[in-house]
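Each chain, written out:
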Amino acid sequence: MDAIAIISIFVLAVFVGFEVVSKVSSTLHTPLMSGANAIHGVILVGAIIVADHSETNLELGLSVAAIVLATINMVGGFVVTDRMLEMFKGKAASGKNGAQDKSAGEKK
Amino acid sequence: MNRTIYDLIGLSAGVMFILALKGLSHPRTARRGNLLGALGATVATVAVFFYAGKEGALPLNNLGWILGAIAFGVFVGVPAARRVQMTAMPQLVALFNGVGGGAAALVAIVEYLKLGDTATTAEVIATVFTVLVGCTSFSGSIITFLKLQELMTTRPVVFPGGRFVIAATLGGTLASAVWVVNSLGTTPLLVLAGLSLLFGVLFVLPVGGADVPIVISLLNAFTGLTVAAGGYVLDATLLIIAGTLVGASGTILTRLMAEAMGRSLFGTLFGAFTAKPQDAAGATETRPVKSGTPDDVAILLNYARRVVIVPGFGLAVAQAQHTVRELADLLTAKGIDIAYGIHPVAGRMPGHMNVLLAEANVPYEQLSEMEEVNPTFPQTDVALIIGANDVVNPAAKTTPGCPIYGMPILDVAQAGNVIFLKRSMRPGFAGIENELLFDSKTTLLFGDAKASLTKVVGALKAL
C-alpha cells in the first residue's frame, strides 16, 4: 500500500480514537481502558502472519511465543472487561438505568 | 480468499472496534460494546487463516504450532481473567497490556529477521519503533503489576543519580535505534530490545503508587501505537486501524484520568527526572489518637441524621462490601440519610470502587460522585471512612510537594464527626501521613474492615 494511503488511515484513525472516548464518565475509565487493552490484542493477527512466514526454528519459536502472549492479551482482556461490566448490568435491569446514563453523560 | 475480500473483512473488524470503543464510553452500552470488540477480534483472527498472503498457500505453514499456541494462550488467559478477585483486577489489566506489548515487539523482531537486507528504510524505522516501545511497555507493565500486587514497594523508587541513569538509558536506547537503522543487523536490534526493557523498568520505578493507573493507561496507549507500527511492517491495514484507535483513545483516556485525579500528566511522567529521594517512613508518630470501641461508633451513627460512607481499598481487601451494605440498610431503617461518597480513584483505578460496590448490590442511587457529595459534608453528622486514606487526606490541599498534592479529595473534615475504620496507623498507598487521624473530632476503630463493621452492626442492633 502506498504511503499516502497509510498516512491517511493513521491520521483519520487518530481523530476517530480521540472522538469516541472524549465524553466518558470516570466510572467507566477502568472498563474502557481494559477494553481498549483487549483490542490491541489483535496483534495476534500479526503474530499468526509471521508464524506462517517462519522458516527457522528461532523465527518459529519467537512467533509461537508472540501468539501465546497476544492470545492472552486479547482473550483475557475481553473476558476481564466483561466481568467488570457484568457488575453494572444488575443496575441496568432494575430500570434505574436511564437516569444513571444521563447523569454520567453530563459529568464531563 | 483474495486480498480484496480479506481487506473488507479487516475493515469490518475495524468498524466493530470503533463501535466497541464508542459503546464502552456509555454505561448502558458498555457491555455490548465489549462483546462487539471481541467479535471484531474473532472475525479478524479467523479471517487470517483463510488468507495466506500474496504468494503463500493454504493451509498456513506451521498450522499445528499456531493453533497449539492459541489454545495455550486461551488456557492461560481465560482462567486468569475469570478467577481474578475484583480487587486484583487493575494489575491483571496491566499484565495483559504488558504481554500485548511483548507480542508486538516479538512480531517485529521475527519480521525483521525475515526481511533482512530487503527491508526498506521505512519498514526498519517502523520495526525499531515497535521493538523500542513494545519492550518498554512490556517491562514497564511488569513493574506496575509488581507495584499494584504489592510485591514491591508502592512508594516512588528513587536512587541517587537516578535521573542520570534514566537519561543515559534513554540516550543509549535512541542511539541503538539509530544504529539499527544505519547498519541493519541482528545484534543492534537485540541491544535495542535490551535497553528498551531496561528503560521501561527505570521509567516506572519512580512513579508513586497513586499515579500507577495513569501509567498503565499510558503504556496501554503505547502498546496501541506499537501494534499500528507492526501493522505497517506486515502490511496489515486492520492492525494499523486498531492500533491507532487504541493509541489515540488511550492518550485521551490517560489525560482524562490525570484530570480526574488532579495530577499533571507531565509531572507524573517526568517525576523520574525531578523526584528527590525521600526519607524512609519518617519518624514514628507518637502523637495521641482517639481510638474508639464498636459501641462508640454505633452510638455516633445511631444519633446521626446524615451519614456519608467513604469506602476505600481496605473495604475491598476485607471483602466487606456486603457487611457495609447491611450497616447501611440498618441505618436507613432508622431513618438516617445514607450516601456513599465515591472518590474517582477510590480503590486502585478510576471506577474501581463502583464495580466493587455494584458487586454487593449497593443501590446505584446511593453512590455519589465526589462533586455531588463534597458540598453536603457540612450538613453531614458522621463521615464513616472504611479502609480509605489518601482520598480523604487533607495533605493534598495543604502540603505542597507531597506526592498527592493537588489531587481533589473528599472533604470529610467538614463533617461533624469523622470515623476511620483502619487496620493500623500505617499510611495509605501513596505513603503519606494523614493529619486528619489526629484531629479532635476523629474516632479510630482499628481492625479488619469486615470484622469491625460486623461488631458495629452488632452494637447497633443491641442499642
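Note that the coordinates shown come from a computational prediction; the quantities given were computed from them, not determined experimentally. (Residues numbered from 1 in each chain as written. Chains lettered and ligands numbered in written order. Predicted model: local features only at pLDDT ≥ 70, side-chain atom pairs only at ≥ 80, totals over all residues. Heavy atoms only, no water.)

Visitor: Any details on the overall build of chain B? Residues and values, ideally.
Guide: What chain B contains, in helices and strands, is 18 helices and 6 strands. Dimensions of chain B along its principal axes, counting C-alpha atoms only, are 80 × 50 × 35 Å. Every one of the 463 residues in chain B was classed for burial, and the buried ones make up 57%. Of the contacts made within chain B by residues no fewer than 6 positions apart, 76% connect residues no fewer than 24 positions apart. (Helix = DSSP H or I, 4+ residues; strand = E, 2+ residues; numbered from the N terminus. Buried < 20%, exposed > 50% of the residue type's maximum accessible area, 1.4 Å probe, protein only. Contact = heavy atoms within 4.5 Å.)

Visitor: Help me get a handle on the overall build of chain A, residues and values and all.
Guide: Counting its regular elements, chain A contains 5 helices and 0 strands. N-terminal to C-terminal, the α/β element order of chain A is α-α-α-α-α. Among the 108 residues that make up chain A, the fraction classed as buried is 60%. Within chain A, residue pairs in contact and separated by at least 24 positions form 64% of the contacts whose partners lie at least 6 positions apart. In the form shown here, chain A has an accessible surface area of approximately 4,000 Å², with 66% of it arising from carbon and sulfur atoms. (Areas by Shrake-Rupley, 256 points an atom, 1.4 Å probe, with all protein chains shown as cover.)

Visitor: Could you give an account of the domain arrangement of chain B, naming the residues involved and the relevant values?
Guide: Along its sequence, chain B is carved into domain 1 (87–278) and domain 2 (294–462). Computed from C-alpha atoms alone, the centre-to-centre distance between domain 1 of chain B and domain 2 of chain B is 36 Å. (Domains from an automatic or database assignment.)

Visitor: So what about the interface of chain A and chain B? Which residues, and what values?
Guide: At the interface, 81 residues of chain A touch 100 residues of chain B. Carbon and sulfur atoms supply 76% of the area buried between chain A and chain B, which totals about 8,500 Å² over both sides. Interface area lost by chain A to chain B is led by A:Met33, A:His40 and A:Asp52, which between them contribute 8%. At the boundary of chain A with chain B, the tally comes to 2 salt bridges. Its salt-bridge partner being B:Lys114, residue A:Glu55 comes within 3.0 Å of it at the nearest N-O pair. (Buried area = accessible area lost by both parts, 1.4 Å probe. Salt bridge = Lys/Arg side-chain N within 4 Å of Asp/Glu carboxyl O.)

Visitor: Please set out the packing of helix α4 (residues 89–115) of chain B against helix α8 (residues 212–234) of chain B residue by residue, giving values where relevant.
Guide: Residue and element names in this part refer to chain B. Look at α4 against α8: their axes get within 9 Å of each other, and the N-to-C directions meet at 25°. Classified by the interaxial angle, the pair formed by α4 and α8 is roughly parallel. As for how α4 packs across α8, the hand of that crossing is left-handed. On the side of α4, the interface is formed by Pro90, Ala94, Asn97, Gly100, Gly101, Ala104, Val107, Glu111 and Leu115, while α8 contributes Ile216, Leu219, Asn220, Thr223, Thr226, Val227, Val233 and Leu234. Here the contact of α4 with α8 is composed, by residue class, of 10 nonpolar, 6 polar and 1 charged. (Axes fitted to C-alpha atoms, helices over the stretch in contact; angles between N-to-C directions. Parallel < 35°, antiparallel > 145°, perpendicular 65-115°, else oblique. Left-handed = near helix turned anticlockwise from the far one by under 90°. Nonpolar A, V, L, I, M, F, W, Y, C, P; charged D, E, K, R; others polar.)

Visitor: Before we move on, could you go through the sheet that holds strand β1 (residues 306–311) of chain B and cite the residues and values that matter?
Guide: Residues and elements named next belong to chain B. Judged by pairing direction, the sheet is parallel, and its 6 strands sit side by side in the order β3-β2-β1-β4-β5-β6 without closing on themselves. Here the strands that pair on one side only, and so sit at the sheet edges, are β3 (367–369) and β6 (442–446). Across the sheet, the mean angle from the axis of one strand to that of its neighbour is 25°, orientation sign disregarded. Inspection of the sheet shows strand β4 (residues 382–386) paired to strand β5 (residues 417–422) by 5 bridges, in the parallel sense. Each residue of the ladder has a partner; that of leucine 384, found in β5, is isoleucine 419. (Pairing = 2+ DSSP bridges.)

Visitor: Talk me through the side chain of B:Glu111; I want residue IDs and the actual numbers.
Guide: Residue placement: B:Glu111 occurs in helix α4. In this structure B:Glu111 is buried but unpaired, with B:Lys114 as the nearest side chain of opposite charge at 7.7 Å. For B:Glu111, the residues in contact, after removing those within four places along its chain, are A:Val50, A:His53, B:Val233 and B:Leu234. (Lys, Arg positive; Asp, Glu negative; His and termini not counted.)

Visitor: Residue-level account of the environment of B:Leu202, with values.
Guide: On the secondary structure map, B:Leu202 appears in helix α7 (residues 186–204). Those residues in contact with B:Leu202 that lie beyond four places of it in its chain are B:Phe159, B:Val165, B:Ile166 and B:Thr169.

Visitor: Summarise the confidence of the model for chain B; cite the residues concerned and give the values.
Guide: Residues and elements named next belong to chain B. Here chain B shows a mean pLDDT of 83. Residues at 70 or above account for 92%. Low confidence marks residues 275–284, where pLDDT is under 50. Its contacts with residues over four positions away, or in another chain, come to 7 contacts. The complex model carries a pTM of 0.78, and its ipTM stands at 0.83. (pLDDT = per-residue confidence, 0-100.)

Visitor: Now, about α4(B): what can you tell me, with residues and values included?
Guide: All names here are of chain B. Its 27 residues give α4 an end-to-end C-alpha distance of 39 Å, which sits within 8% of 39 Å, the value for a rise of 1.5 Å per residue. In terms of burial, α4 is largely enclosed, as 23 of its 27 residues are buried. Of the residues trailing α4, glycine 116 is marked for its positive phi of about 55°. (Expected span 1.5 Å × (residues − 1).)

Visitor: Help me get a handle on the packing of aromatic side chains, residues and values and all.
Guide: Scanning all chains against the criterion turns up 3 aromatic pairs over all chains. Where A:Phe15 meets A:Phe18, the ring centres are 6.4 Å apart and the plane angle is 70°; that geometry is what we call edge-to-face. Highlighted residues: A:Phe15 and A:Phe18, both in helix α1 (residues 3–20), separated by 3 residues, approximately one helical turn. Classification of A:Phe18 as partly exposed rests on a relative accessible area of 31%. Ring plane angle 15° and centroid distance 4.3 Å describe the contact between B:Tyr6 and B:Tyr51, whose orientation is recorded as stacked. A residue pair is termed long-range when its members are at least 10 positions apart, and B:Tyr6 in helix α1 (residues 3–24) and B:Tyr51 in the loop between α2 (30–48) and α3 (63–83) qualify at 45 residues. Neither B:Tyr6 nor B:Tyr51 differs from the other in exposure class; each is buried. (Phe/Tyr/Trp six-rings, centres within 6.5 Å; stacked < 30°, edge-to-face > 60°.)

Visitor: Break down unusual backbone geometry for me, citing the residues and quoting the values.
Guide: All names here are of chain B. Of note, asparagine 62 is a non-glycine position whose phi angle comes to about 55°, a positive value. Along the chain, asparagine 62 falls in the loop between α2 and α3. We classify asparagine 62 as partly exposed; its relative accessible area is 24%. A positive phi angle is found at aspartate 235, which is not glycine, with a value near 60°. Judged by its relative accessible area of 24%, aspartate 235 is partly exposed.

Visitor: Hey, could you go over the confidence of the model for chain A for me, with residue numbers and the actual values?
Guide: Of the residues in chain A, 80% have a pLDDT of 70 or more, and the chain-wide mean is 79. By mean pLDDT, helix α5 (residues 97–107) of chain A is the weakest element of chain A at 38, and helix α3 (residues 43–53) of chain A is the strongest at 91.

Visitor: Go over the packing of helix α12 (residues 294–302) of chain B against helix α18 (residues 449–462) of chain B, please, and point to the residues and values.
Guide: Residue and element names in this part refer to chain B. Where α12 contacts α18, the two axes come as close as 8 Å, and the packing angle between them is 60°. Judged by the inter-axis angle, α12 sits oblique to α18. Crossing of α12 over α18 shows right-handed handedness. The segment α12 lies against α18, with Pro294, Asp295, Val297, Ala298, Leu301 and Asn302 engaging Lys455, Val456, Ala459 and Leu460. Considered class by class, the residues forming the contact of α12 with α18 number 7 nonpolar, 1 polar and 2 charged.

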